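# Working through the structure, step by step
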Amino acid sequence: MIWEMRAAKGLGVAFATIALVVACGGGDNKGGIVKTATAPGGSKDPSKWPADDKSMCDWRNKPELEVSETIGPGSIRPNVRRVYRTFGEGDARHKVLACREIDTNLDGIKDVVRTFNQRGEAVHEEADRDYDGKVDVWLNFVDGRLAEEDVDSNHDGKPDIWKFYVNGQLQRIRRDRNFDGKPDVWEIYSKGRLERVGMDETYDGHVDRWDRDEQLKYEADSAERKAREQMGEIADAGASSSSSSSSSSSSSTSSSSSSDAGAPKGVKATTPKKK
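Residues numbered from 1 in each chain as written. Predicted model: local features only at pLDDT ≥ 70, side-chain atom pairs only at ≥ 80, totals over all residues. Heavy atoms only, no water.

### Comments concerning unusual backbone geometry
Backbone geometry places Asp143, a non-glycine residue, at a positive phi of 55°. By the element assignment, Asp143 lies in the loop between β8 (137–142) and β9 (145–151). Relative accessible area serves as the criterion here: at 61%, Asp143 is assigned to the exposed category. Its identity as a non-glycine residue notwithstanding, Tyr203 has a phi of 55°, on the positive side. Tracing the backbone through its elements, the reader meets Tyr203 in the loop between β13 (193–199) and β14 (209–212). (Helix = DSSP H or I, 4+ residues; strand = E, 2+ residues; numbered from the N terminus. Buried < 20%, exposed > 50% of the residue type's maximum accessible area, 1.4 Å probe, protein only.)

What follows is the structure in structure tokens.
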């Protein structure tokens, strides 16, 4: 089951990679046409792109916003839209990116949108990664860094995979296998590697068993054993040093006692000076 979870994780990464490659103009791109699925109403012929590109940014009829259209790599018509909002007054007046949307598969329909806060940091992103006209991925950011990724794998419009990140690293994943809106698989990651998986076989909301990655467990046990051995060596070295110090102190005391043996009680023996 662990390896099945890894395969599912790899599939999610593959989807993300495909979207990134397309957005950057990679892949089989001849004459500005990328061989990917086409969203409903879209066209791979740029001359037939629809007038309504299904904008995902809220900018229409808002004169206070500034809109910029640009041509991304691999496209021959504008496929990237940026919406800016102005903040402040006088010398403090400045323009900040508020929303950005992209047509990544070049079919005339926007399929990725990201919103930003007043500091220009990413806040939220939505994407249609399979180009069926429906959002299937939701990203949430904290301080501009990815914190959560929710994925709809069965195309019902609701997430059934929830991924959580800390400082940019994947920490855990929850999965809903029976699509009832509640997780029944819990994956725990350590340094980006799958550590253990909790399974709810009865779908009652509680983990019935935990499976661990045996290789990771072996490495952790080996590291713990080595640490204990090192601690034991340090303890032995400390005990030996203490014993040696105690022996030296005992010898010194014996010598002193021998010198004082012939002296009257309360008087320390001295060696007469030579005349």
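### Quick notes on the packing of aromatic side chains
The full count for this structure, using the stated rule, is zero aromatic pairs. Sitting over the ring of Trp162, Arg174 keeps its end group 5.3 Å from the ring centre. Sitting over the face of the ring of Trp210, Arg196 holds its NZ or CZ atom 5.4 Å from the ring centroid. (Phe/Tyr/Trp six-rings, centres within 6.5 Å; stacked < 30°, edge-to-face > 60°. Lys NZ or Arg CZ within 6 Å of the ring centre and 35° of its normal.)

### Focus: the state of the cysteines
Within this structure, the stated rule accounts for one disulfide. Here Cys57 engages in a disulfide with Cys99; their sulfurs sit 1.9 Å apart. Across the S-S bond linking Cys57 and Cys99, the dihedral sits near -90°, which makes this disulfide left-handed. Placement of the pair is Cys57 in the loop between β2 (33–34) and β3 (65–70) and Cys99 in strand β5 (residues 94–102), with a sequence separation of 42 residues. Across the pair, Cys99 and Cys57 agree in class, each one buried. (Disulfide = S-S within 2.5 Å.)

### Observations concerning the side chain of Asn79
Among the secondary structure elements, Asn79 is positioned in the loop between β3 and β4 (80–87). Overall, Asn79 belongs to the buried group, its relative accessible area being 2%. Of the polar contacts made by the side chain of Asn79, one reaches the backbone nitrogen of Gly72; its length is 2.7 Å. Contact partners of Asn79, with chain neighbours within four places excluded, come to Trp49, Thr70, Ile71, Gly72, Glu101, Ile102, Asp103, Leu106 and Lys110. (Polar contact = N/O pair within 3.5 Å; in protein donor to acceptor, adjacent residues only side chain to side chain. Contact = heavy atoms within 4.5 Å.)

Remember, this is a structural readout, not a statement about activity or role.
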